[in-house]
Structures are given as C-alpha cells and as structure tokens.
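What follows is the residue order along each chain.
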Amino acid sequence: MTMIITKQYRCIHSASCICTKGHLSEDVIFLLLQHLNWNPKIIATLSCVCKWFDDLVKRVLWKEFCRTRAPTMMHDLQSSGSHSVDGNWSALGKLLIYCSGCKKDGLFNKIQIPGHFAHRTRFSRTSGKSFLLPNCRTDVLYVSDPCEHLDQGEEGDVGFFRGVFKSFATSKVRKMLIRRGAKFHESEFCPYCKAKLWSMLQVKMIPQSASCRLGAYEDCIEYFVCLNGHVLGVCTLLPLSDSEEVSELD
C-alpha cells in the first residue's frame, strides 16, 4: 500500500504545526538518515511534512545524500570554496538518480518516455570534455552514461544523458552562449531546478566528439543546459555490432 502525503505549507513551527507536539531533533534525524544510507524516497517524504522538515531536507539531507552517493564529484564541485552548488542540493540529488525522459511536444519533441529513477548511473568528468568545444574544455562538466531506452519505433534506440557544470556562472560555455545570442526555450524548463534552458544545438555548440562518447549518430544528438548548469540531452544510439552482441551474451 502506497502512502500519499500532501505537502503542508505552514510557517516554521507555528502554533498550528503538527510538529510542535513533539518530534525528533535535527541531530537524531541526521543520524537516522545516515543509518538508512540517505534513502532518497525517505528524504523526499520528510520534505512533505511541514516547512521545518522541508528546510532541513533542502539544507542538510540532500547535501549529505549527494556527498555520499558521489563523493569525488561533490568534492570537485565545491573545491572553489562554495558550501553550496548552483541551483540547490535537492535539484542535484534528483539529477543524480532521475532520468527525466520526454513527453510528446515537450523539450525533445519526439516520443513519449516517462521519467524514472535510474538506480545505477556513472558520472564522468573525462566524458564531459567530449561535450565541449575545444576552446571551452577548461570548463568542468560531469556527464552520465546514456540511459538506454531500446526499440522506440522509428526513433530506434534512444539514450538520455544528464550532467552538471562546475561554477557554470563563470564558465566559458555560458559566455559563448551569450555571445552567440542563444535564446531560452519558450515553454520548457529544467526538470531538476525549474530554471530556463539554452539549446546547445541551436547555437551549434555540440562537438562531434559527443557522438563518439555516447555511441550515437552524429546528427541525432541534442542537449540543453539551464541557468544553474544542469545538462539534459537525448541521442539516437548506434546499433550494436554482431561481435558486441556476442560479448554481451557471454
């Protein structure tokens, strides 16, 4: 049986807040979630209790979730001295584990694939360089392996990928997007932080090396970056060769 919790928008521990009747302290909640290995479903459920819990989740729990699930990546993203990340910790936590999919007439305007949790995803800084033009490769971009959705009719095998820039506000990619007059998408927003999106395809900033890294057709890659540096993209994957299929079965 699934329990549905309605989010309560109360002031932080007002007289009417149900939490005033007694609940665990912030330290105890921290230790409890640590014991549960920062389970994202429990963290998301806690944020729906009231504004006090929502504040704790955004300020502490999602941060610890990110640092536990991707410690090297998080250390790098914060190595400039910031205690936060562009956007917020909950957005980054969702990006780590959630494939946004696509809807008809939506961002990618192709087929309808529901968003879903991706339990195992590898993000790579080395892979990220393949998505940057040569004169932008001093920027730091982490990109995931493609989340494969096979046999999608005329579209073939589709892969979704996502990523995040370090210090996007000062990146060369952002400066180039502005210099080239990139326009924001008219109706769609980042599924992770709700910020406006730039199309890298529109301003011809997707290098050929991206298709090699993804194992995709060169002319079938599109990706967007939002104002907070979150990346989401789609590609049509090349079919496996006979030798690759055999090794997969082995």
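Everything in this summary refers to the structure shown in the same document. (Residues numbered from 1 in each chain as written. Predicted model: local features only at pLDDT ≥ 70, side-chain atom pairs only at ≥ 80, totals over all residues. Heavy atoms only, no water.)

## Description of the environment of tyrosine 223
Take tyrosine 223: it is sitting in strand β9 (residues 216-226). Overall, the relative accessible area of 0% leaves tyrosine 223 in the buried class. In sequence terms tyrosine 223 and isoleucine 206 are 17 residues apart; their C-alpha atoms lie 8.1 Å from each other. Residues in contact with tyrosine 223, not counting those within four places in the same chain, are Phe131, Phe161, Trp198, Ser199, Met200, Leu201, Met205, Ile206, Val231, Leu232 and Gly233. Of the polar contacts made by the side chain of tyrosine 223, one reaches the backbone oxygen of phenylalanine 131; its length is 2.7 Å. (Helix = DSSP H or I, 4+ residues; strand = E, 2+ residues; numbered from the N terminus. Buried < 20%, exposed > 50% of the residue type's maximum accessible area, 1.4 Å probe, protein only. Contact = heavy atoms within 4.5 Å. Polar contact = N/O pair within 3.5 Å; in protein donor to acceptor, adjacent residues only side chain to side chain.)

## A short note on empty space enclosed by the protein
A full pass over the atoms with the stated rule returns one cavity of 30 Å³ or more. Space inside the largest cavity adds up to approximately 60 Å³. Cys99, Ser100, Gly101, Phe108, Phe160, Phe161, Arg162, Tyr192, Leu232 and Gly233 are the residues that line the largest cavity. Of all elements in the fold, only β6 (158-165) and β10 (230-237) reach the threshold of two or more residues within the lining of the largest cavity. Take the lining of the largest cavity: its biggest share by element is three residues, from β6. Taken together, the residues of the lining of the largest cavity sort by class into six nonpolar, three polar and one charged. (1 Å grid on protein atoms, 1.4 Å probe; cavity = no way out; pocket = protein on both sides within 12 Å on 5 of 7 lines; lining within 4 Å. Points joined across faces, edges and corners; volume = space filled by probe spheres on them. Nonpolar A, V, L, I, M, F, W, Y, C, P; charged D, E, K, R; others polar.)

## Details of the packing of helix α3 (residues 51-69) against helix α5 (residues 89-97)
Two elements in contact, α3 and α5, have axes separated by 8 Å at closest approach and are oriented at 30 degrees. Viewed along their axes, α3 and α5 adopt a mutual orientation that is roughly parallel. Handedness of the crossing formed by α3 with α5: left-handed. Contacts from Lys58, Trp62, Lys63, Phe65 and Cys66 in α3 reach Trp89, Ser90, Leu92, Gly93, Leu96 and Ile97 in α5. (Axes fitted to C-alpha atoms, helices over the stretch in contact; angles between N-to-C directions. Parallel < 35°, antiparallel > 145°, perpendicular 65-115°, else oblique. Left-handed = near helix turned anticlockwise from the far one by under 90°.)

## So, the pattern of salt bridges
If you walk through the whole model with that rule in mind, you get seven salt bridges. Across the pair aspartate 54 and lysine 58 runs a salt bridge, and its minimum N-O distance is 3.3 Å. With aspartate 54 and lysine 58 both in helix α3, this residue pair falls four residues apart, about one helical turn. Under the relative-accessibility criterion, aspartate 54 is labelled buried at 13%. The exposure class assigned to lysine 58 is partly exposed, which follows from its relative accessible area of 46%. Residue aspartate 76 pairs with arginine 125 through a salt bridge whose shortest N-O separation is 2.7 Å. (Salt bridge = Lys/Arg side-chain N within 4 Å of Asp/Glu carboxyl O.)

## Observations regarding the packing of aromatic side chains
Tallying each qualifying case throughout the model produces ten aromatic pairs. Geometrically, the ring pair formed by phenylalanine 131 and tyrosine 223 is edge-to-face, given 6.0 Å between the ring centres and 80 degrees between the ring planes. Of this pair, phenylalanine 131 sits in the loop between α6 (125-129) and β4 (141-144) while tyrosine 223 sits in strand β9, placing them 92 residues apart in sequence. No difference in accessibility class separates phenylalanine 131 from tyrosine 223, as the two residues are buried. When the ring of phenylalanine 184 is compared with that of tryptophan 198, the centres are 4.9 Å apart and the planes differ by 20 degrees; the resulting orientation is stacked. One end of the pair, phenylalanine 184, is in strand β7 (residues 184-189); the other, tryptophan 198, is in strand β8 (residues 196-199), and 14 residues separate them in sequence. Residue classification places tryptophan 198 among the buried residues on the basis of a relative accessible area of 5%. An aromatic cluster is defined as three or more aromatic residues linked by ring pairs; in this entry it consists of Phe165, Phe168, Phe184 and Trp198. When the ring centre of tyrosine 98 is taken as origin, the NZ or CZ atom of lysine 94, which lies over that ring, is 5.1 Å away. (Phe/Tyr/Trp six-rings, centres within 6.5 Å; stacked < 30°, edge-to-face > 60°. Lys NZ or Arg CZ within 6 Å of the ring centre and 35° of its normal.)

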